[in-house]
Amino acid sequence: MLTEVQIRLVKGTVPLLESAGVAVTEYFYNRMFNAHPELLDIFNKSNQRSGRQQFALFSAVASYAQHIDDLATLREVVERVANKHTSLFIQPEHYDIVGHHLIATLKELAPDAFNTEVADAWTAAYAVLAGILSGREQQLYTEKRSATGGWYGPRPFKVISKTMESELVCSFVFAPVDGQPVLDYLPGQYLGVKVKPALASNIEIRQYSLSDQANGQTYRISVKRETLPQPGLVSNYLHDEVKVGDVLELLPPAGDFYLQAEPAPTVLISAGVGLTPMLAMLETIVAAGRNTPLWFLHACENRAQHSFVSRLHTLAQQQDNLQRHYWYQQVTTADLKTGLVSAGLMDLGALKDQLPLPQGQFYLCGPAAFMQFVKTQLLQLGVVATNIHYEVFGPHQAL
Ligand SMILES: Cc1cc2nc3c(=O)[nH]c(=O)nc-3n(C[C@H](O)[C@H](O)[C@H](O)COP(=O)(O)OP(=O)(O)OC[C@H]3O[C@@H](n4cnc5c(N)ncnc54)[C@H](O)[C@@H]3O)c2cc1C
Ligand code: HEM
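Remember, predicted model here, so these are calculated numbers, not experimental data.

Undergrad: I keep staring at the nonpolar core and nothing clicks. Help me out?
TA: The nonpolar side chains of a soluble globular protein tend to be buried, and buried together. Of all hydrophobic cores here, the largest spans 43 residues; its most connected members are Met 32, Leu 39, Phe 43, Tyr 64, Trp 122 and Leu 133. Broken down by element, the residue count for this core peaks at 11 residues, all from helix H7 (residues 116-146). When near neighbours in sequence (up to four residues on either side) are disregarded, Tyr 64 contacts Leu 74, Val 77, Val 78, Val 81, Leu 129 and Leu 133. Formed by 23 residues, the second largest nonpolar core is a distinct cluster that contains Val 286, Leu 315, Ala 316 and Tyr 363.

Undergrad: Hey, could you run me through helix H2 (residues 22-35) in this one?
TA: Since the α-helix advances by 3.6 residues per turn, residues separated by three or four positions end up pointing in the same direction. Over its 14 residues, H2 extends 20 Å from the first C-alpha to the last, a length consistent with the 20 Å expected when each residue adds 1.5 Å. Listing the buried residues of H2 in full gives Val 24, Thr 25, Phe 28, Tyr 29, Met 32 and Phe 33. The buried side chains of H2 occupy one side of the element, clustering within an arc of 155 degrees when seen end-on. Facing away from the buried surface of H2 by more than 90 degrees, the exposed residues are Ala 23 and Asn 34.

Undergrad: I'm lost on the packing of aromatic side chains in this one. Help?
TA: How two aromatic rings sit relative to each other is set out by the distance from centre to centre and by the angle between their planes. In the structure shown here, the tally under the stated rule is 14 aromatic pairs. Ring plane angle 75 degrees and centroid distance 5.6 Å describe the contact between Tyr 29 and Phe 43, whose orientation is recorded as edge-to-face. Of this pair, Tyr 29 sits in helix H2 while Phe 43 sits in the loop between H2 and helix H3 (45-50), and the two are 14 residues apart along the sequence. With a centroid separation of 6.4 Å and 10 degrees between ring planes, the pair formed by Phe 172 and Phe 174 is classed as stacked. Look at Phe 172 and you get buried, because its relative accessible area is 0%. By relative accessible area, Phe 174 is classed as buried at 0%.

Undergrad: Any chance you could explain the UniProt feature "domain: FAD-binding FR-type" (unreviewed entry) in the chain here in plain terms?
TA: Residues annotated in UniProt with the feature "domain: FAD-binding FR-type" (unreviewed entry) correspond here to residues 152-260. The distance separating the terminal C-alpha atoms of residues 152-260 is 26 Å; by composition the span is 7% helix and 40% strand.

Undergrad: It is not clear to me how the sheet that holds strand E8 (residues 294-300) should be interpreted in this structure. Could you clarify?
TA: Pairing between sheet strands relies on hydrogen bonds along the backbone, with the strands arranged either parallel or antiparallel. Taking strand neighbours across the sheet as the criterion, the 6 strands line up as E10-E9-E8-E7-E11-E12 in an open arrangement whose pairing is parallel. Strand pairing shows two members of the sheet lacking a second neighbour, strand E10 (341-343) and strand E12 (388-391), which therefore form its edges. Taking the axes of each pair of neighbouring strands and ignoring which way they run, one obtains an average angle of 15 degrees across the sheet. Sitting on the sheet, helix H10 (residues 309-318) touches E8 and strand E9 (322-328), and the angle it makes with E9 is about 150 degrees.

Here is what the cut-offs are and how they apply
- Residues numbered from 1 in each chain as written.
- Chains lettered and ligands numbered in written order.
- Predicted model: local features only at pLDDT ≥ 70, side-chain atom pairs only at ≥ 80, totals over all residues.
- Heavy atoms only, no water.
- Core = buried A, V, L, I, M, F, W, Y, C linked by side-chain atoms within 4.5 Å.
- Buried < 20%, exposed > 50% of the residue type's maximum accessible area, 1.4 Å probe, protein only.
- Helix = DSSP H or I, 4+ residues; strand = E, 2+ residues; numbered from the N terminus.
- Contact = heavy atoms within 4.5 Å.
- Expected span 1.5 Å × (residues − 1).
- Arc of directions from axis to C-beta.
- Phe/Tyr/Trp six-rings, centres within 6.5 Å; stacked < 30°, edge-to-face > 60°.
- UniProt positions renumbered as here; feature names shortened; annotations may be inferred.
- Pairing = 2+ DSSP bridges.
- Axes fitted to C-alpha atoms, helices over the stretch in contact; angles between N-to-C directions.

Quick look at the structure:
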């Protein structure tokens, strides 16, 4: 464990680390990738370039250090990060590499502040954090390896179907090449997809939410073609190059965003491709015959970009307790005539007499700005923050 003095030294240097920002993180990643180019197969290069991942690692180390003497408050973040790390197949030896380059970066960039005593305190603090994260990751690996249909590391899967769900979203169903069962997952969880697009210089791993209920045999993901500000590497590769019959590797399902086990009035709220985890939750609730009120609320650009409309229609026919409402930026008269569509941004106030307020469980997924906008509305409608659950399709951000 850390001494009082070490904790004070670490906390005292956090503001320096925070204020140094991007320059220090860039230095760190360049230093580490030069020494260990194999790590380029783990880190998302686009997130690196846009600065998103760089920020995630350093802000986490800084915030862990702030709470180093209060590890209980870190449990939630540890769960999220450890799950993400397992979808990338991160190993204990990677922690030694990251730790080494992190401390070396601090010493090289701020030799006065990071004297031997401070550097030793940081080394000890990093070792504590790495031990907690890596320990949880080993537990998750063991659980997933030993469960029915489970496995460890990348496993080959064949694409058995490819279906366009709307203008930009394509579903892929994967079956394992070994013909054995696959691990069940909690609705809302994602898996890691490991590919080597022809255009890419390294292997790339991306997370995709499972978009159907678990069936023990196959997995379905639904992928949006990313085009802005430039074509996304893996999503365009999956859309354009990967065909039925092709084989790629998957890492086992993971994630701390999932449907609560307790049956409760449930409101599934999404925008764009953020509807994928919601669909897995919805299909699971319907299959389980849960009879509590259920809402599926979705926002997207227009009807052409609205995925799974007919599946929602079928489910609503079967399920009396399922209510739907949609918001399109561009609406037609035909959309409005359905009575299910409103124009513009999602407005929960318009449904406030029907929604299970404030006691329902609210699940959110979509762009961070959308989720922030919806969360603000929910809080104004009296929902408590602990009943609002959300997933970010990228490095995590607080709402
Ligand atoms: C838990 C989780 C679940 C997810 N579930 C889904 C899902 O169900 N469906 C889905 O479609 N996606 C999902 N995603 C997102 C998915 O993992 C990928 O991030 C997404 O497909 C984009 O990957 P890509 O390789 O196509 O784009 P990348 O090449 O990774 O690019 C990502 C973004 O960065 C931009 N970019 C690239 N280079 C630069 C640069 N130099 N400067 C600035 N911007 C740049 C691109 O234009 C793009 O918008 C999920 C993500 C997470 C974390
Ligand atoms: C104590 C050490 C570490 C801390 C505090 C840490 C923290 C984090 C955090 C906060 C995230 C974002 C999680 C999210 O989006 O929800 C993350 C993601 C990630 N981490 Fe770590 N991490 C550590 C060690 C490592 C190691 C050893 C590796 C591998 C060499 C690694 C590789 C990654 C990668 C590749 C991602 C995903 C990046 C992305 O989506 O672009 N991390 N980590």
